[in-house]
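Residue-level structural notes
The chain contents come next:
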Amino acid sequence: MLIDHWPLLGLRLNTPRLELRLPTDSELAGLAALAAEGVHEPDRMPFLVPWTDLPPAERARSVVQHHWLRRGNWSPDNWALNLAVFENGQVVGLQTIAARDFAVLREVTTGSWLGARHQRQGIGTEMRAAILHLAFAGLDALEATSGAFEDNASSFAVSQKHGYESDGIDRHVVRGRPVTNRRLRLTRDRWETHAHIPVAISGLLPCLPMFGPPNQGGSNHQRSAER
């Protein structure tokens, strides 16, 4: 079976409302269609790469291609896990966790998007809680990073709930204009203090070699993450 060769297909993150996992082909089509419907207001751009400026059909295709690309380019030294987010069996968005040289740095970065009709319902907070639990409790990360442009108040609100702290700024050009990206960083200690949403992980143990060599000895979090 394919899962024997790609165990990430069996990974599940569950919160009270949501399930995060790799999508099937038909679910990936649904995720692409959701992106085609719209992710944000057309007069703003929350992404460094303005993929949502593409026409709807091309935008949907880019979601599919990006998903395939990240699977095909996976290596323990440079990986990105794109998990579809489901509420009551319906795909509502995408949550990503990625890292380079994770075995040495023990640092991950996260990113996400929700379909426009699923925003402002608390889903963003819960899906971030799930991916942070995977990072810290499941993969034994030491720090997680994120960031958002100055006008992305909803993203900052989610990060604040989880205990992120300011980590400086970057300047970029998006749509031909200068933008300021405010970096955020979350340590394991602050995650422990702010974690308040229950998260269950299943199917992780067969996947662990894909994320690189384990932290020496592991941690109590990692050893107890999957029940």
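The following refers to the structure shown.

What about helix α6 (residues 153–161)?
Turning to α6, its buried residues number three or more, namely Ser155, Val158 and Ser159. Each buried residue of α6 lies within a common arc of 100° when the element is viewed along its axis, so the set occupies one face. Opposite the buried face of α6, by more than 90 degrees, sit the exposed residues Ala153, Ser154 and Gln160. Where α6 is buried, its residues contact α5 (123–138), β6 (143–149) and β8 (177–187). Downstream of α6 by a residue or two, glycine 163 has a phi angle that is positive, lying close to 95°.

Brief notes about the nonpolar core
Core analysis: the biggest nonpolar cluster contains 39 residues, and Leu8, Trp79, Leu81, Val108, Leu134 and Phe211 have the highest contact counts within it. Mapped by element, the contributors of at least two residues to this core are β2 (18–21), β3 (78–87), β4 (90–100), β5 (107–114), α5 and β8. Among the elements that make up this core, the one with the highest residue count is α5 (9 residues). When sequence neighbours within four positions are dropped, the list of residues in contact with leucine 81 reads Leu8, Leu11, Leu22, Trp74, Gln95, Thr96, Ile97, Leu134 and Phe211. With 20 residues, the next largest nonpolar core counts Ala32, Val91, Phe149 and Val179 among its residues.

Concerning the packing of aromatic side chains
This model, assessed by the stated rule, comprises 7 aromatic pairs. Pairing tryptophan 74 with phenylalanine 211 gives two aromatic rings, centres 5.5 Å apart and planes at 75°, and the pair type is edge-to-face. Note that tryptophan 74 is positioned in the loop between α3 (56–72) and β3 and phenylalanine 211 in the loop between β9 (200–202) and α8 (220–224), a separation of 137 residues in sequence. With centroids separated by 5.1 Å and ring planes inclined at 20°, the aromatic side chains of phenylalanine 136 and tryptophan 191 adopt a geometry described as stacked.

Examining the pairing of β2
Pairing geometry for strand β1 (residues 12–14) and β2, over 2 bridges, is antiparallel. Looking across to β2, one finds that asparagine 14 is bridged to glutamate 19. From the end of β1 to the start of β2, which pair antiparallel, there are 3 residues. Looking at chain direction, β2 and β3 are connected through 4 bridges and run antiparallel. Among the inter-strand pairings, arginine 21 is bridged to a residue of β3, identified as alanine 84.

Side note on the environment of leucine 22
Position of leucine 22 among the secondary structure elements: in the loop between β2 and α2 (25–37). Once residues within four sequence positions are removed from consideration, leucine 22 is found in contact with Trp6, Leu8, Leu9, Glu27, His67, Arg71, Leu81, Asn82 and Leu83.

A look at the pattern of salt bridges
Considering all chains together, one arrives at 15 salt bridges under this definition. Between arginine 117 and glutamate 37 there is a salt bridge; the shortest N-O distance is 2.7 Å. Residue arginine 117 is located in the loop between β5 and α5, and its partner glutamate 37 is located in helix α2; the two are separated by 80 residues in the primary sequence. The exposure class assigned to glutamate 37 is exposed, which follows from its relative accessible area of 52%. Through salt bridges with shared partners, a single network forms among Glu107, Glu143, Asp167, Asp170, Arg183 and Arg185.

Parameters at a glance
Residues numbered from 1 in each chain as written. Predicted model: local features only at pLDDT ≥ 70, side-chain atom pairs only at ≥ 80, totals over all residues. Heavy atoms only, no water. Buried < 20%, exposed > 50% of the residue type's maximum accessible area, 1.4 Å probe, protein only. Helix = DSSP H or I, 4+ residues; strand = E, 2+ residues; numbered from the N terminus. Arc of directions from axis to C-beta. Contact = heavy atoms within 4.5 Å. Core = buried A, V, L, I, M, F, W, Y, C linked by side-chain atoms within 4.5 Å. Phe/Tyr/Trp six-rings, centres within 6.5 Å; stacked < 30°, edge-to-face > 60°. Pairing = 2+ DSSP bridges. Salt bridge = Lys/Arg side-chain N within 4 Å of Asp/Glu carboxyl O.

By themselves, these observations are geometric and do not establish any function.
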